[in-house]
Amino acid sequence: MFTNISWGNYIVVIVLLLASWYLFVGFRFYFGEIKDLLNGKRRLQFRTPQHTSSYEPDPLLHSQESTERNSVQSPFGEFDTTFEDVDHLIERLKTVITDSTKKKIPRQEFIDYLRSILVEYPSIKNSSFSSSVSELIVSECTKIDAIVLTQQEAEALWI
């Protein structure tokens, strides 16, 4: 009975059955995520393996802890959005500083303009990036030599 079926045909049938099973499971349980991916509302996110220390007990013992951690937004997601905000703010500050020197804006107006830009980024104000952004403002102003700001003046802009 089985002598008429070749190994090639057997493997093709098994691969097709496995593919159909995974498609069924994917559409049955992950239809919303797949739909969002195809519509462009969500990007594919690959997870990198996390390094665990050798003295950590069995992860199954902490299943409740991990469930609670997964239900709360990951701090790495917050870090990513803050980092993107910092990149956007840096580009914006560089263009504002160079444009202000070309237009020869008075010092107080320039400071008020920088303050209004920094107010738009409250997530950076409360992060560790605020001092780095202040240093960037000072260094960019020093490069151009139009308006000189000290570190204290730059940090006071966040208020």
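Not measured: the values here are computed from a predicted model. (Residues numbered from 1 in each chain as written. Predicted model: local features only at pLDDT ≥ 70, side-chain atom pairs only at ≥ 80, totals over all residues. Heavy atoms only, no water.)

Chemist: Kindly report on the confidence of the model for the chain, identifying the contributing residues and their values.
Modeler: A residue-level look at the chain finds 77% of positions with pLDDT of 70 or above and a mean pLDDT of 77. For the chain, the element scoring lowest by mean pLDDT is helix α2 (residues 63-71), at 41; helix α1 (residues 7-39) scores highest, at 91. Note on residues 52-74: pLDDT is under 50 here. Beyond four places in sequence and across chains, it has two contacts. (pLDDT = per-residue confidence, 0-100. Helix = DSSP H or I, 4+ residues; strand = E, 2+ residues; numbered from the N terminus. Contact = heavy atoms within 4.5 Å.)

Chemist: I'd love a proper account of the side chain of E140, names of residues and values included.
Modeler: Within the secondary structure, E140 sits in helix α6 (residues 130-144). Its relative accessible area of 9% is what places E140 among the buried residues. At 3.2 Å, the side chain of E140 and the side chain of K143 are in polar contact. If near-sequence neighbours (up to four positions away) are discounted, E140 is found in contact with K94 and I97. (Buried < 20%, exposed > 50% of the residue type's maximum accessible area, 1.4 Å probe, protein only. Polar contact = N/O pair within 3.5 Å; in protein donor to acceptor, adjacent residues only side chain to side chain.)

Chemist: An account of the packing of aromatic side chains is requested, with residue identities and associated values reported.
Modeler: One pass over the structure, following the stated rule, counts three aromatic pairs. On the numbers, 5.7 Å between centres and 90° between planes, the contact of W7 with Y10 is edge-to-face. Here Y10 and W7 lie together in helix α1, a separation of three residues that amounts to about one turn. On the basis of relative accessible area, W7 is assigned to the exposed category, the value being 68%. We classify Y10 as partly exposed; its relative accessible area is 44%. Pairing W21 with F24 gives two aromatic rings, centres 5.7 Å apart and planes at 35°, and the pair type is tilted. Within this pair, W21 and its partner F24 are both found in helix α1, separated by three residues, close to a single helical turn. Classification of W21 by relative accessible area gives partly exposed; the value is 49%. Stacked on the ring of F29, the Lys or Arg R28 has its end atom at 5.5 Å from the ring centre. (Phe/Tyr/Trp six-rings, centres within 6.5 Å; stacked < 30°, edge-to-face > 60°. Lys NZ or Arg CZ within 6 Å of the ring centre and 35° of its normal.)

Chemist: Summarise the pattern of salt bridges; cite the residues concerned and give the values.
Modeler: For the structure shown, the criterion picks out four salt bridges. Among the salt bridges present, the one from E120 reaches R92, with a minimum N-O distance of 2.4 Å. Placement of E120 in the loop between α4 (107-119) and α5 (122-125) and of R92 in helix α3 (residues 75-103) is noted, with a sequence separation of 28 residues between them. Given the relative accessible area of 24%, R92 is considered partly exposed. A salt bridge links R115 to D112; its shortest N-O distance comes to 3.5 Å. Here the residue R115 and the residue D112 both occupy positions in helix α4, the gap between them amounting to three residues, near one helical turn. Note on R115: relative accessible area 29%, which makes it partly exposed. When its relative accessible area of 37% is taken as the criterion, D112 is described as partly exposed. (Salt bridge = Lys/Arg side-chain N within 4 Å of Asp/Glu carboxyl O.)

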